[in-house]
Amino acid sequence: MYSDWPCPSPSGTTREELLFSFDRQREARLLILPPLFDEANKFRCQIAGTMRLFDERGVDTFCPDLPGVNESLAPHGHQSLAIWRRCAESAATACRATHILTIRSSALIAPQGLTGWCFEPCGARPVLQRLLRAEILSAKEAGRTATAEELLEAGASDGITLAGWDLSPELMKELADGAEPDIVGYEVIKQTDIGGRPLWLRAENDFDAAQAEALATHIIKAMASR
Amino acid sequence: MTAETATAEPAGPSRSDIDQTLRAILRDVLGLKDKQVEDFDSDTGLFGHLPELDSMAVAGLLTEMEDRLDIVIDDDEIDGEMLENYGALLAFAEAKAVAG
């Protein structure tokens, strides 16, 4: 269930990062990339529940920690979309993934040259806007003032902490540039395809068994038809 | 008087539509049942009253309001008062919808 995977580091070596998986050496091997920032927490239980369904139905699944994320000891403030994409591609290789599933903003780091599914992909702009708004609101509640322009400027030059997340200048620039997911070769799955309410909106983490079932069924059916 | 004002404005969502949409968003954000959000009144406390409705959840709520109500919320307009209770948030959403 829990093991490590060799994640590339900027120095050219590798460091061990956590890997949550159901690996029985089966033919179908699905790498799942959680959303970025707070939505990763919101989907944690949903992803684990969905992975169990895949396991029961004969599909191996792998959910790797990327540097700076979850249990990783690498500083979050040293990361960028480019680094995470490179690491996601390495994770796909290390896990011998046959398919990829991105969820929400992890479509921004979808490994290139592979195939799979993007559940409700979202671009960089709404991700950054949400962080900025949360920071502005927190600042106002604390009696401070903060504007989006000031935060963007400070973040692009020196890096910044937004809503508790340390962001490098590179990551700020990538988000501010408003990148859209590059997901050629991937099938987009919308919320309406699997039903239920958007879990990323929930103020507290939630688990929806019906959504897990629908998503796993959709993907397994698609795997069988390819 | 309200009806006269409404007919003079460009076509847009009615007050009732805005109310229903806002309740649906809060239902999704707070994980409530339809009946629970139907019981919301103007004084129902939101930000600062519900521990789970933190700044990140509010940021998501505002983005969803923009998408579902087809409005644009300037970041500088965001403050605790407009989010303090359901009545204040509804009034804000209505004002933004009218402003187009």
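Note that this is a predicted model, so its numbers are computed, not measured. (Residues numbered from 1 in each chain as written. Chains lettered and ligands numbered in written order. Predicted model: local features only at pLDDT ≥ 70, side-chain atom pairs only at ≥ 80, totals over all residues. Heavy atoms only, no water.)

**Focus: the packing of helix α3 (residues 124-141) of chain A against helix α5 (residues 169-176) of chain A**
All names here are of chain A.
Move 1: For the pair α3 and α5, the least separation of the axes is 8 Å and the interaxial angle reads 120 degrees. What the angle tells us is that α3 and α5 run oblique. On the side of α3, the interface is formed by A124, R125, V127 and L128, while α5 contributes M172, E174, L175 and A176.
Move 2: For the contact of α3 with α5, the class distribution of residues is six nonpolar, no polar and two charged. (Axes fitted to C-alpha atoms, helices over the stretch in contact; angles between N-to-C directions. Helix = DSSP H or I, 4+ residues; strand = E, 2+ residues; numbered from the N terminus. Parallel < 35°, antiparallel > 145°, perpendicular 65-115°, else oblique. Contact = heavy atoms within 4.5 Å. Nonpolar A, V, L, I, M, F, W, Y, C, P; charged D, E, K, R; others polar.)

**What to know about the interface of chain B and chain A**
Move 1: Contact with chain B, which involves 28 residues of that partner, is made by 20 residues of chain A.
Move 2: Looking only at chain B, the three residues that lose the most surface to chain A are D28(B), M56(B) and D75(B), adding up to 29% of its buried area.
Move 3: Counting the contacts that link chain B with chain A gives four salt bridges.
Move 4: Here D75(B) and R133(A) are joined by a salt bridge, their closest N and O atoms 2.8 Å apart.
Move 5: For the pair chain B and chain A, the interface holds 11 residue pairs in polar contact (both at pLDDT 80 or more).
Move 6: Among the elements of the structure, α2 (15-30) and α4 (55-69) of chain B are those that each provide at least two residues to the side of chain B that touches chain A.
Move 7: Looking at the side of chain B that touches chain A, the element that brings in the most residues is α4(B), giving 11 residues.
Move 8: Taken together, the residues of the side of chain B that touches chain A break down into 13 nonpolar, five polar and 10 charged. (Buried area = accessible area lost by both parts, 1.4 Å probe. Salt bridge = Lys/Arg side-chain N within 4 Å of Asp/Glu carboxyl O. Polar contact = N/O pair within 3.5 Å; in protein donor to acceptor, adjacent residues only side chain to side chain.)

**So, the pairing of strand β3 (residues 29-33) of chain A**
Residue and element names in this part refer to chain A.
Move 1: Taking burial as the measure, the five residues of β3 include five buried ones, the bulk of the element.
Move 2: The two faces of β3 match: R29, L31 and L33 on one face and L30 and I32 on the other face are all buried.
Move 3: Where β3 meets strand β4 (residues 60-64), three bridges bridge the pair, whose relative direction is parallel. In the sheet register, L30 faces β4, and the bridge partner there is T61. (Buried < 20%, exposed > 50% of the residue type's maximum accessible area, 1.4 Å probe, protein only. Pairing = 2+ DSSP bridges.)

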